[in-house]
Amino acid sequence: MAPCSRKRAVNATELLSRRSRGIRDAGSLIRHSMEVLRGILLQDNRDFINVWNKSSKSTIMYENGKIYLENYQNCYSCVHAEPQLLYKLPKRSKLEKFEDALLCQSPLDRTLASPSAQKPSLLVLTANNWLYRLSVETGEELQRVYLSSKHKFRYLSWDVSQEMFYVKSVQNKETAFARQAGITHNTVMHLAIFHVFPLQIVGILDINKKVFGNGVTDVVLSHGVLVVSYSNKSVKLYSFEHIVQMVEKLTLGKPSSLLGGETVGDVPFGIPVNIQITEWPPVLFEVSCANNSVQIGGYPWHYIYTPMHKNHKGTHHICSLKDSTVVITVTSSGRTVKKRFQQLDDDPDQDTFRIVEYEDELDLLAVVVTNGEDGEGRAQIQLHDNQSGQLLRTVHLLEPWDETYRHELFFDKDTIVHIEQKNNSFCCHVYKLMVARK
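The rules behind each value
Residues numbered from 1 in each chain as written. Predicted model: local features only at pLDDT ≥ 70, side-chain atom pairs only at ≥ 80, totals over all residues. Heavy atoms only, no water. Helix = DSSP H or I, 4+ residues; strand = E, 2+ residues; numbered from the N terminus. Buried < 20%, exposed > 50% of the residue type's maximum accessible area, 1.4 Å probe, protein only. Contact = heavy atoms within 4.5 Å. Areas by Shrake-Rupley, 256 points an atom, 1.4 Å probe, with all protein chains shown as cover. Pairing = 2+ DSSP bridges. Axes fitted to C-alpha atoms, helices over the stretch in contact; angles between N-to-C directions. Phe/Tyr/Trp six-rings, centres within 6.5 Å; stacked < 30°, edge-to-face > 60°.

A. Main features of the overall build of the protein chain. In terms of helices and strands, the protein chain carries seven helices and 28 strands. Put simply, the protein chain has 438 residues, and 44% of those count as buried. Here the contacts in the protein chain between residues at least 6 apart in sequence split such that 45% fall between residues at least 24 apart. Carbon and sulfur atoms make up 51% of the accessible area of the protein chain, which amounts to about 24,100 Å² in all.

B. Spatial organisation of the environment of Leu37. You can see Leu37 is positioned in helix α2 (residues 28–41). Classification of Leu37 as buried rests on a relative accessible area of 19%. Residues Leu37 and Asp414, spaced 377 residues apart in sequence, show a C-alpha to C-alpha distance of 8.1 Å. What Leu37 contacts, discounting residues up to four positions off in sequence, is Leu362, Lys413 and Leu433.

C. Quick look at the environment of Lys54. Tracing the sequence through the fold places Lys54 in strand β1 (residues 46–56). We classify Lys54 as partly exposed; its relative accessible area is 32%. Placed 375 residues apart in sequence, Lys54 and His429 show a C-alpha to C-alpha distance of 6.8 Å. Lys54 has contacts with Ile60, Leu69, Tyr76, Phe426, Cys427 and Cys428, leaving out every residue within four places of it along the chain.

D. The sheet that holds strand β5 (residues 84–88), seen in detail. Pairing is antiparallel in the open sheet, where four strands are placed in the order β2-β3-β4-β5. Every interior strand has two partners, whereas the edge strands, β2 (61–63) and β5, have only one. Strand after strand, the sheet turns through a mean of 25° between neighbouring axes, direction not considered. Where β2 and strand β3 (residues 66–69) come together, three bridges link them in antiparallel fashion. Each bridged residue has a counterpart across the sheet, and for Met61 the counterpart in β3 is Tyr68.

E. Spatial organisation of the sheet that holds strand β12 (residues 187–195). Across the sheet, four strands lie side by side as β10-β11-β12-β13; this open sheet has antiparallel pairing. Each having just a single partner strand, β10 (153–159) and β13 (200–208) make up the two edges of the open sheet. Strand-to-strand twist in this sheet, taken as the mean axis angle between neighbours without regard to direction, amounts to 20°. Both β12 and β13 contribute to a ladder of eight bridges, which runs antiparallel. When the bridges of β13 are listed, Ile193 appears paired with Gly203.

F. Focus on the packing of aromatic side chains. Tallying each qualifying case throughout the model produces eleven aromatic pairs. Ring plane angle 55° and centroid distance 5.2 Å describe the contact between Trp130 and Tyr146, whose orientation is recorded as tilted. Of the two residues, Trp130 is situated in strand β8 (residues 130–135) and Tyr146 in strand β9 (residues 141–146); the sequence distance between them amounts to 16 residues. Each member of the pair, Trp130 as well as Tyr146, carries the same accessibility label: buried. Centre to centre, the rings of Phe165 and Phe194 are 5.1 Å apart; their planes meet at 10°, and the pair counts as stacked.

Following this line, the structure appears as C-alpha cells:
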C-alpha cells in the first residue's frame, strides 16, 4: 500500500511508525532540518564563537550534547547559547566513587513496558560494585543492581549492535610470590553481560585458562562475538551465542537457585556466575596482529589489522573475512591522508592533521590543523564536505594548542567542544554557532 498523501499534518508518532516499517520518507523532516542547519552554518555572517571555558582536576567528558565534570557528578547541557548546569550530584565517598559510565539512549521505534525504562539514562559503575541507572536530565536514580562481593568490576563497554553492554572485572594476575609457592589462579577475569531496553541480566561469564588457554590479556564483546587477545599478539573470535546456549536464566529482583534462593542483584550476593564453559568453544576466526588490534565490519565482511612485522608499522591491511585476501593496504602518514584535501598542500605554514571528526548529520569533516609549535602553538578547524573533500570554512580556536598535551575535539551540529589535558588538569572550551561579530 502506498503511503498516505501529505495534504494533512503528520504527527511524530506516525513518522516513527513509518520509519520502523521502512517507508523511505519517514526521516525526511530531520534530513531537511539538517540541510537547513548546514546551509546556515556555512553562511558568511555566521561563525563559531567561544562562549564557555571550564577547568577541572578530574576528567572532563562530552557526549550527546552534555558535558560531565567532577567524575560525572556535575552535568552541563549544551543545547543553550552557552552550557547550563543540569544537575549536581551529592559528593560521594571513595568507596562509592564512579569508576566508569555509559550513555544509554532508549529506542525510538518501540515503546517499553515501563516509562522509566524509556528514559535516556547514564549507566554508572561504582567502586563498590553497584551498577546505577541515572536520568541524564536530572541525575535521579532510576535503577540499581549489585554485581558481586567476590569480583572487582571496573570497566563498562557497549556491544551496540546486540543492544547489550558488559561490565569487565580487573584481571587476576599471578604474583612472583604466588608462582614460587605453586599457587595458580585459573580465572583470568569476569564479564557481567546485560541487555538494555529494559535492563536485563544475561549472566556473568568466567574467563578461565582451562577453556581459553594461557596468556589471555584482554576480552571484549563486539557484534555478538567474544574477542580474546593473547600475549603472543594473536586474537581469537568466538561466538557468544554458542557460549550462552547452556546457561541458567537469571532475572533481576527474582530468586535464583544458584544463590540458594536469594534475590539476583541484591546485597550481599549480587549476581552469580551462570556462564561456565567446560570445553573450548570453536574458534570462528584467528589473526596475529600488532597491539592485539583488529576491527571487523562492512558488507561483505572485512577486517582491518596491522601485521606483526616491523616493516608494516604504521600500515593497515584491509582483508576479506571470507578468505583473508588483502583488498587494500593503507598507510597512516599525514601525506596519504592529505591527498583528499588538496587545499592544505599549498600552505607551508600548516603541519599534518591532528584530529579528524565526522559530523554525520551534517555530512561534514572537522579537521584540526596546527602550526606545529609547542607551548603557544595555534590551531584552526577546517570544515570539509565529506563527499568531495572541498574546504568550506575555517574556525580559529582562541586557546593555544600545545602539541605535548592530549586533545579531544567534538563537532556536534552547532557546537564545537575542545577538551585538553594539561598535566594533572583538564580544560574544556565550547564554541557555539552565532551571528558573526562585526
